[in-house]
Amino acid sequence: KAKVEEPMLHINLFLVPVFFVVVGMQVDFSAFGDGVAGGSLGRAIAFAAAITALAIVSKVAGSGLPALMAGFNRLGATRIGLGMLPRGEVALIIAGIGVASGAVGPLEFGVAVVMTVVTTVVAPVFLVPALKRPGTGLKPEAGRGWAFPTERLLVSSYLWSRREVRRLSRRA
C-alpha cells in the first residue's frame, strides 16, 4: 500500500490544483448578467443562492439521516453531514461533462462552480463549532452488545460471504 500511496500523493498534489484551475477558467461569469435564459444578474444570483441552499440541505440531510440510522446521535450525524459540505469535485466533473456535451449552459455551469466554492468556504464555519461541542456523537449501546445497528449487518454479511466463498470453492 505504501509503495503505491507515496508516489500517488505527489501526483495528487500536482493534479488537483490543475483540475480546479482548469474548471475555474471554464466559467463564463459574463453569462450571469447577459440575460441568459431570460434573466438578469439578480436572477442569476438568486438561482445560485437557491442551488447552494439546496446543496447544503441535501448534503447535510443526505448523509446525516443515514448516520442517524447507523448508530450516531444527532451531534454525530450533524458532524458527518457538515463534513460532506466541501465535497464538490463530483459536481464539477458532472457539470464539466454537461458543458462539453452541450447539456449544461454557461450560466448553469457557473452556478455549479459558485455552489461548490460557497459550500467549501462555509463548511469550516459550521463544522468547527460542531466538532468543539462535547460528546462523541455516538448513541449509547443500550445493552444491545453492538455499538451500531449496522455493525451487526456488517458482521453477518461478512460471515455470509465467507460461507458462500467456501461453498463455491468446494464446488470448483
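Each remark here, short or long, concerns the structure printed above.
Per chain, the residues get numbers from 1 upward, laid out in the order the sequence is written. Restriction of local features to residues with pLDDT of at least 70 applies here, the model being predicted, together with a cutoff of 80 or more for giving and counting side-chain atom pairs; totals for whole chains, interfaces and linings are based on all residues. Excluded from the side-chain calculation are hydrogens and water; included are all heavy atoms of the structure.

**Q** Now, about the environment of Gly88: what can you tell me, with residues and values included?
**A** Helix and strand definitions follow DSSP, with helices as H or I runs of at least four residues and strands as E runs of at least two, each counted in order from the N terminus. Here Gly88 is to be found in the loop between helix H3 (74-83) and helix H4 (89-101). Only protein chains enter the area calculation, which uses a 1.4 Å probe; residues under 20% of their type maximum are buried, those over 50% are exposed, and those in between are partly exposed. For Gly88, a relative accessible area of 1% gives the class buried. Along the backbone, Gly88 and Val113 are 25 residues apart, and their C-alpha atoms lie at a distance of 8.7 Å. Leaving out residues up to four positions away in the same chain, Gly88 has contacts with Lys59 and Thr116. Contacts are assigned to residue pairs with any non-hydrogen atoms lying within 4.5 Å of each other.

**Q** Tell me about the packing of aromatic side chains, and please be specific about residues and values.
**A** Two measures describe an aromatic ring pair: the distance that separates the ring centres and the angle between the ring planes. Any two rings among Phe, Tyr and Trp, with Trp reduced to its six-membered ring, count as a pair given centres within 6.5 Å; such a pair is stacked if its planes are under 30 degrees apart, edge-to-face if over 60, and tilted if neither. Tallied over the entire structure, the rule returns one aromatic pair. Note on Phe19 and Phe20: the rings are 5.1 Å apart at their centroids and 70° apart in plane angle, and the pair reads as edge-to-face.

**Q** Can you tell me about the side chain of Thr52, naming the residues and giving the values?
**A** Looking at the element boundaries, Thr52 is found in helix H2 (residues 41-69). For Thr52, a relative accessible area of 7% puts it in the buried group. The residues touching Thr52, leaving out its near neighbours within four places in the chain, are Met115, Val118 and Thr119.

**Q** Kindly report on the side chain of Lys59, identifying the contributing residues and their values.
**A** One can find Lys59 in helix H2. Polar side-chain contacts of Lys59 include one of 3.0 Å to the backbone oxygen of Leu85. Between N or O atoms, a polar contact is any pair within 3.5 Å; within protein, one atom must be a potential hydrogen donor and the other a potential acceptor, and residues adjacent in sequence are included only when both atoms are from side chains.

**Q** How would you sum up H3? Please name residues and give values.
**A** Think of an α-helix as turning once every 3.6 residues; residues three or four places apart then point the same way. Among the 10 residues of H3, seven are classified as buried, and the element is accordingly described as predominantly covered. Listing the buried residues of H3 in full gives Leu75, Gly76, Ala77, Arg79, Gly81, Leu82 and Gly83. Check the buried side of H3 and you find it contacts H2 and helix H5 (106-132). Among the residues of H3, the N-terminal cap falls to Asn73, whose side-chain oxygen and the backbone nitrogen of Leu75 are separated by 3.1 Å.

**Q** Quick rundown of a nonpolar patch on the surface? Include the residues and the values.
**A** Residues form patches when they are more than 30% accessible in relative terms and have no salt bridge. Like charges link within 9 Å. Nonpolar side chains (Val, Leu, Ile, Met, Phe, Trp, Tyr) link within 5 Å. Areas reported as accessible are Shrake-Rupley estimates using a 1.4 Å probe. Residue values count occlusion only from the protein chains shown. Every case where a carboxyl oxygen of Asp or Glu lies within 4 Å of a side-chain nitrogen of Lys or Arg is listed as a salt bridge. Taken together, the side chains of Val4, Met8, Ile11, Phe14, Leu15, Val18 and Val22 define a hydrophobic patch exposed on the protein surface, amounting to about 640 Å² of accessible area. Summarising the element assignment, Val22 is placed in helix H1 (residues 2-26).

**Q** Describe the packing of H2 against H5, with residues and values.
**A** Taken N-terminus to C-terminus, the directions of H2 and H5 make an angle of 50°; their axes are 9 Å apart at the nearest point. Comparing their axes, H5 and H2 come out oblique. Judged by the sense of rotation from one axis to the other, the crossing of H2 with H5 is right-handed. Residue-level contacts link Ala44, Phe47, Ala48, Ile51, Thr52, Ala55, Ile56 and Lys59 of H2 to Leu107, Glu108, Val111, Val114, Met115, Val118, Thr119 and Val122 of H5. Classifying every residue of the contact of H2 with H5 by side-chain character gives 12 nonpolar, two polar and two charged. Axis lines are fitted through C-alpha atoms, for helices just across the contact stretch, and the angle between N-to-C directions can take any value from 0 to 180 degrees. For classification purposes, angles smaller than 35 degrees are called roughly parallel, those larger than 145 roughly antiparallel, those between 65 and 115 roughly perpendicular, and all remaining angles oblique. Two helices that cross are described as forming a left-handed crossing if the nearer one is turned anticlockwise from the farther one by less than a right angle, and a right-handed crossing if clockwise. Classification convention: Asp, Glu, Lys, Arg as charged; Ala, Val, Leu, Ile, Met, Phe, Trp, Tyr, Cys, Pro as nonpolar; all other residues, Gly among them, as polar.

That's the geometry; what it means functionally is another story.
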